[in-house]
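Read off the chains here:
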2 protein chains.
Amino acid sequence: MNKTIAVLGSGLVGSYIARQLNQLNFQVVSYDVKESALQKLKLQSPDIDCQITDVSNPESLSKAIQDVDLVIGAVPGFLGYQVLETVIQNQKSVVDISFMPEDPSSLNELAHINNVTAVVDMGLSPGLHNLFIGYACARKQFESGLIYVGGLPKIRKKPYEYQLVFSARDVIEEYTRPARYLENKKSVTQPALSDVETIEFPDIGTLEAFNSDGLRTLLHTSPIPTLKEKTLRYPGHTAQMWSLREAGFFSERKVIVKGQSVSPVDVTCEVLKQAWAPQGPGHDIALLNVKLIGPQGNAELTIKDFFSEDENATAMARTTGLPCIAMATALLENPTVLPPGVHPPENFGGNEVLFHRVMRLLADHKVPATFEV
Amino acid sequence: MNKTIAVLGSGLVGSYIARQLNQLNFQVVSYDVKESALQKLKLQSPDIDCQITDVSNPESLSKAIQDVDLVIGAVPGFLGYQVLETVIQNQKSVVDISFMPEDPSSLNELAHINNVTAVVDMGLSPGLHNLFIGYACARKQFESGLIYVGGLPKIRKKPYEYQLVFSARDVIEEYTRPARYLENKKSVTQPALSDVETIEFPDIGTLEAFNSDGLRTLLHTSPIPTLKEKTLRYPGHTAQMWSLREAGFFSERKVIVKGQSVSPVDVTCEVLKQAWAPQGPGHDIALLNVKLIGPQGNAELTIKDFFSEDENATAMARTTGLPCIAMATALLENPTVLPPGVHPPENFGGNEVLFHRVMRLLADHKVPATFEV
């Protein structure tokens, strides 16, 4: 009998992962609290078992994953850690892409006790950049590295020239969560949206990039002493988001309006969900460039993907989902291929087979990806 | 016995008017729904009778103004019309500065029936610009006119380089209310914040100006066939406000957040109240430039006022409040100096004594004002 996978979250990326795993003939059960998200998925892939479930409730979640062989975590960041903990407590291995603010490695001991493997941050960035850095560092020494990543709309529409490629709440997180990077082995913290620079991206044009908190586990695991991640947007976007943040639109501190107590960020999230709603099918561009510089030569990875008409999927869903799928299928084929514990992708960079498996899956799906070490 | 004046609204401008009328030895009763506003006023002028009253309640308002000789209306725009109507029904003459969206001239008949004089839009702009246009047009013919007006902070602070000089709700109104102007005797409507131009203001530097809905009664009364009003801000502000509006932050349409139904504009108003809060004492700059062009020569009025340490008052409170005070004291001295009815200031432009009374009061308060016809 085919193995069963629970996909937690049916957002823009989670639904893509569910559809692809279903096409690979796995039994897929998708969970989401929003009926509309599941209805859309069911229309596209009628074979998927879609269940309206609040996975933030540990009891419901435990019941949901009771009989599955593997779990995929694709929930909004604020739910990520709690969901991961519950999954591990239920002795299920998991591949996760949630942009959680907490450090998931604090669940490492729990994973060992329960003898399960949890691969975290297994998307594009974090995700592919971690795996590539692990792979490159297993081969050469590097002195510094710079990661640029971003999801952009193909059609630029004012005021923000941006569209959602994952949850609005997680985009706001990128604009508020302090950005940590490595400078000479020391972790430096800067506000998000800082150090704005203008860069030319080949075939795309002029973009801007700002500090974002994408290094995460690499802050502790990176053998490269100086390493930064920056997020890419069309020029002008950063200043607009900075203005919203500085004015208080991203604030959690409640205000009273007409007798009701409301956090501005909750209303901002609803407003931006509409202002950032993808136009039409949501044609987007996903960009990733990792450049590592060292005495033995440089290494570089570049991904430049576009909305796929064939798969009816955004570039961000593809480039985030496919690395996760490659890791998940590796675990399903051989549950002992990865050791127990909580692992970020860079831990497996030395595993050449695994790295090439991920890159091959991207190539099979015609994601334009080039790398050189 | 001294005459008694009710000042409705103790905001930034209303409280200045109350203080000045008190210094002129009138009996002043100030009304506001907010205790904090009245407490501040009471500290500055202990002689003023401060009453916490909701003037949007017609019964409370009728009772409040029962025994006064004159009413000053200085409430937020959305309350203006209703308050004006109640005051007229109570047979009280009134000088009003509220930026109401409705056309107050629809209360003209009611004012005649009750035999009272209501001078509306009697602030800076609308207000002084109407009076000046009336004054100039009584002397010469003009083909076109352009009005620039704005309240700016002396210290420019990002993100918005703006600070409140009257209610946040009325500032948002300037950014949302469609702007009407005259082109060859025809009323043309454009969105607020449109036709942004960069201008150099002498001694101030580079500013930008956008269409705003400041002509109001002049749309019907102006003998000048082409006339526009534009609002002044520091460069960049207009695009920021345009972004907020286009994204939906000024929308009345409710969104659901955590089970509560909220209008984004209500939350935006609270956020901007804080983001636009005056720094320290609120040093500001109030600018007005009216330029009329005609075959018999041009006319020009320029006001460039700054926060007054002597009066502990913002430039906007002074330049808005003093024209209102000049008109109010004229009415108190001689209730028949102005005919019954609802009158915008341009109606009195032909009254040279009244025009010079207003200009003299500005000069007495050291407001830098120059004019030429």
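Residues numbered from 1 in each chain as written. Chains lettered and ligands numbered in written order. Predicted model: local features only at pLDDT ≥ 70, side-chain atom pairs only at ≥ 80, totals over all residues. Heavy atoms only, no water.

1. Considerations on the pairing of strand 8 (residues 179-183) of chain B
All names here are of chain B.
Piece 1. Pairing geometry for strand 8 and strand 9 (residues 186-190), over five bridges, is antiparallel. Counted as the bridge partner of Arg 180 is Thr 189 from strand 9.
Piece 2. Hairpin remark: strand 8 followed by strand 9, antiparallel, with two residues in the connecting loop; positive phi at Asn 184, about 50°. (Pairing = 2+ DSSP bridges. Helix = DSSP H or I, 4+ residues; strand = E, 2+ residues; numbered from the N terminus.)

2. What about the sheet that holds strand 3 (residues 49-52) of chain A?
Residue and element names in this part refer to chain A.
Piece 1. The seven strands are arranged 3-2-1-4-5-6-17 in an open sheet whose pairing can be described as parallel. With one partner strand each, in any of the chains shown, strand 3 and strand 17 (341-343) form the two edges of the open sheet. Looking at each pair of strands side by side, their axes are set apart by 15° on average, direction ignored.
Piece 2. Across four bridges, the pairing between strand 1 (residues 4-8) and strand 4 (residues 70-73) is parallel. Residue pairing for strand 4: Val 7 is matched across the bridge by Ile 72. (Axes fitted to C-alpha atoms, helices over the stretch in contact; angles between N-to-C directions.)

3. Points about the side chain of Asn 289 of chain B
All names here are of chain B.
Piece 1. Locating Asn 289 in the fold gives a position in strand 15 (residues 284-293).
Piece 2. In this structure Asn 289 comes out as buried when scored by relative accessible area, which is 11%.
Piece 3. If sequence neighbours within four positions are ignored, Asn 289 has contacts with Leu 146, Ile 147, Tyr 148, Phe 201, Glu 300, Leu 301 and Thr 302. (Buried < 20%, exposed > 50% of the residue type's maximum accessible area, 1.4 Å probe, protein only. Contact = heavy atoms within 4.5 Å.)

4. What about the confidence of the model for chain A?
Piece 1. Mean pLDDT over chain A stands at 96; residues scoring 70 or higher make up 100%.
Piece 2. This complex was scored by the predictor with a pTM of 0.90 and an ipTM of 0.88. (pLDDT = per-residue confidence, 0-100.)

5. Details of helix 9 (residues 237-247) of chain A
Side chains that are three or four residues apart share a direction in an α-helix, a result of its 3.6 residues per turn.
Piece 1. Counting buried positions along helix 9 of chain A gives eight out of 11 residues, so the element sits mostly inside the fold.
Piece 2. Those residues of helix 9 of chain A that are buried are in contact with helix 7 (168-176), strand 11 (205-211), strand 12 (226-233) and helix 10 (264-275) of chain A together with helix 9 (237-247) and helix 10 (264-275) of chain B.
Piece 3. Gly 248 of chain A occupies a position one or two residues after helix 9 of chain A and carries a positive phi of about 110°.

6. Describing unusual backbone geometry
Residue and element names in this part refer to chain A.
Piece 1. In this structure, Pro 159 follows Lys 158 across a cis peptide bond, with omega equal to 5°.
Piece 2. Along the chain, Pro 159 turns up in the loop between strand 7 (144-153) and helix 7.
Piece 3. A positive phi angle is found at Asp 203, which is not glycine, with a value near 70°.
Piece 4. Within the element layout of this structure, Asp 203 appears in the loop between strand 10 (197-201) and strand 11.

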